[in-house]
Amino acid sequence: MALDLVSYLLIILVVVLHVVVLGFVLRKRPKSIAGKHVVVTGGSSGIGLWTAIHCFKRGANVTIVARNMQILAKAKEVIEKSRVNDEQKIHIKSLDLANSYEVVEAGMKEIEDEMKLPIYMLVNCAGLAVCGLVEEVSVQDAKFMMDVNYYGTYYPTRYVLPKMKAAGQGIIVITSSQAALLGIYGYGPYAATKFALRGLAETIHMEASQAGVDVTLALPCDTDTPGFEREEKTKPQETKLISSSGGLVQPSVVAERLVDDALTGSFFSVYGLESWILSILCVGMAPWSGFYLNMLQIVLLSPLRLVSFFIRRNFNSIIRDCAKAKPKKD
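None of the values given here were measured: they were computed from a predicted structure. (Residues numbered from 1 in each chain as written. Predicted model: local features only at pLDDT ≥ 70, side-chain atom pairs only at ≥ 80, totals over all residues. Heavy atoms only, no water.)

**Here's the deal with the overall build of the protein chain**
Okay, step 1: Each helix and strand in the protein chain was counted, giving 11 helices and seven strands.
Okay, step 2: Against the 2.2 N^0.38 benchmark of 20 Å for 330 residues, the protein chain shows a C-alpha radius of gyration of 21 Å, consistent with a compact globule.
Okay, step 3: For the protein chain, the C-alpha atoms occupy an extent of roughly 65 × 60 × 35 Å along the three principal directions.
Okay, step 4: In the protein chain, 75% of the contacts between residues at least 6 apart in sequence involve partners at least 24 apart.
Okay, step 5: Of the roughly 16,900 Å² of accessible surface on the protein chain, a fraction of 59% belongs to carbon and sulfur atoms.
Okay, step 6: In the protein chain, which carries 35 positive and 31 negative side-chain charges, the distance between the mean positions of the two groups comes to 2 Å. (Helix = DSSP H or I, 4+ residues; strand = E, 2+ residues; numbered from the N terminus. Rg over C-alpha atoms; globule rule 2.2 N^0.38 Å. Contact = heavy atoms within 4.5 Å. Areas by Shrake-Rupley, 256 points an atom, 1.4 Å probe, with all protein chains shown as cover. Lys, Arg positive; Asp, Glu negative; His and termini not counted. Charge placed at Lys NZ, Arg CZ, Asp CG, Glu CD.)

What follows is the structure, encoded as structure tokens:
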């Protein structure tokens, strides 16, 4: 029995190594965005700001969108330091993406008119999190998260999508979260908004890929951003212990991976071993992302399903331990 198990593991290892080598051979070359127009929502800080920087480093003309004009102006100064040629343009736009489609539509038209360039790549990074048990998060906060996280992505995406399809080219990045892969204690209403974004991304991929539009779903883990600092203030202890297992990643590296994945046409964009494992376990009917990644998913899905049992058991253990430590209610 032991020999059979060892043989099985060796076969998996050999197959994985062959797929890795083949993956490097078949690896796609990234598309060029030099001279093209990239719009980044939530681009004044965190992953959005670093995404704008990495795009600017590649020669793109960049527009960053957020609500606070002062913070946008400071972000523009930071991006300017990455200039690679004199022709590049940076534009900032104050826009409430959760207001209404009419407001966002008018704002996006102004962006194109002011830059005098159509939008080639849209990176949706605007979002926020309010944590807590489902019955503890206020109805107002749950609705606000849906407005910002879902509709704040849907509205600008809805605007650029028909234009990109008509042009026969374009890239749309939808930034979701690991919370779009599985329900996690304390993330209920927030996770609902992120699951919705995954559904939106998969649908757009099916509808638009044949028209030359690439879609990437970014699934960042805990990232050291101002938004994460605010999120920590509302997290239950159980949520902090569960989510801390993946560590805290710098936004610069998450954004660089996001840009690389988007420009090579990858559907999922993940960073770190834990995120990669979760994306394989929860791949479901997600779009085929190329031979290399999908062969790894096929080979690893079965053994990783067993790993997921122990991950879940660890989560449940954390929740039980925290419950024991809490004072009993009268």
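**A look at the sheet that holds strand β7 (residues 268-269)**
Okay, step 1: On the basis of which strands lie adjacent, the open sheet formed by seven strands has the order β3-β2-β1-β4-β5-β6-β7 and parallel pairing. Two strands in the sheet have a free side with no partner beyond their single neighbour: β3 (90-94) and β7.
Okay, step 2: Relative to β3, strand β2 (residues 61-66) is paired through five bridges, and the arrangement is parallel. Considered in β3, the bridge of Val-65 is made with Lys-93.
Okay, step 3: Lying over the sheet, helix α4 (residues 101-115) contacts β1 (37-41), β2, β3 and β4 (121-124), oriented at roughly 155° with respect to β3.
Okay, step 4: Sheet strands touched by helix α9 (residues 251-263): β4, β5 (170-175), β6 (213-218) and β7. Its angle to β5, the strand with the most contacts, is close to 140°. (Pairing = 2+ DSSP bridges. Axes fitted to C-alpha atoms, helices over the stretch in contact; angles between N-to-C directions.)

**Considerations on the pattern of salt bridges**
If the charged atoms of two oppositely charged side chains come close together, the side chains can form a pair.
Okay, step 1: Under the defined criterion, the tally for this structure stands at 11 salt bridges.
Okay, step 2: Here Glu-232 makes a salt bridge to Lys-235, at a shortest N to O gap of 2.8 Å.
Okay, step 3: With a relative accessible area of 25%, Glu-232 lands in the partly exposed category.
Okay, step 4: The class for Lys-235 is buried, based on a relative accessible area of 7%.
Okay, step 5: Each of Asp-222, Glu-231, Glu-232 and Lys-235 takes part in one network of salt bridges that share partners. (Salt bridge = Lys/Arg side-chain N within 4 Å of Asp/Glu carboxyl O. Buried < 20%, exposed > 50% of the residue type's maximum accessible area, 1.4 Å probe, protein only.)

**What to know about the packing of aromatic side chains**
One pair of aromatic rings is described through two measures. These are the centre distance and the angle between the planes.
Okay, step 1: A complete count under the given rule lists nine aromatic pairs for this structure.
Okay, step 2: Judged by centre distance (5.5 Å) and plane angle (35°), the rings of Tyr-151 and Tyr-155 are tilted. Within this pair, Tyr-151 and its partner Tyr-155 are both found in helix α5 (residues 139-167), separated by four residues, close to a single helical turn.
Okay, step 3: Since its relative accessible area comes to 31%, Tyr-151 is described here as partly exposed.
Okay, step 4: A ring pair is formed by Tyr-154 and Tyr-155, whose centres lie 5.9 Å apart and whose planes are at 55°; its orientation type is tilted.
Okay, step 5: With relative accessibility at 29%, the residue Tyr-154 sits in the partly exposed group.
Okay, step 6: For Tyr-155, a relative accessible area of 13% gives the class buried.
Okay, step 7: An aromatic cluster is present here, built from Tyr-101, Tyr-150, Tyr-151, Tyr-154 and Tyr-155 joined pairwise through their rings. (Phe/Tyr/Trp six-rings, centres within 6.5 Å; stacked < 30°, edge-to-face > 60°.)

**Some details on the pairing of β6**
Okay, step 1: Of all six residues making up β6, six are buried, and the element is well covered by its neighbours.
Okay, step 2: In β6, alternate side chains face the same way, and those of Val-213, Val-215 and Leu-217 on one face and Asp-214, Thr-216 and Ala-218 on the other are all buried.
Okay, step 3: In the classification by handedness, the crossover that spans β5, the intervening helix α6 (residues 188-208) and the parallel β6 is right-handed.
Okay, step 4: Pairing of β6 with β7 involves two bridges; the strand directions are parallel. Bridging across to β7, Ala-218 finds its partner in Ser-269. (Right-handed = clockwise from strand over helix to strand, strands pointing away.)

**Structural notes on the nonpolar core**
Nonpolar side chains in soluble globular proteins generally cluster together in the buried interior.
Okay, step 1: Core analysis: the largest hydrophobic core is formed by 52 residues, its most contacted members being Met-108, Val-160 and Ile-174.
Okay, step 2: Within the residue set of this core, elements represented by two or more residues are α4, α5, β5, α6, β6 and α11 (291-325).
Okay, step 3: Setting aside residues no more than four positions away along its own chain, Val-160 makes contact with Met-108, Ile-119, Leu-122 and Ile-172.
Okay, step 4: By size, the runner-up hydrophobic cluster in this structure holds 33 residues, among which are Ile-64, Ile-79, Ile-90 and Met-121. (Core = buried A, V, L, I, M, F, W, Y, C linked by side-chain atoms within 4.5 Å.)

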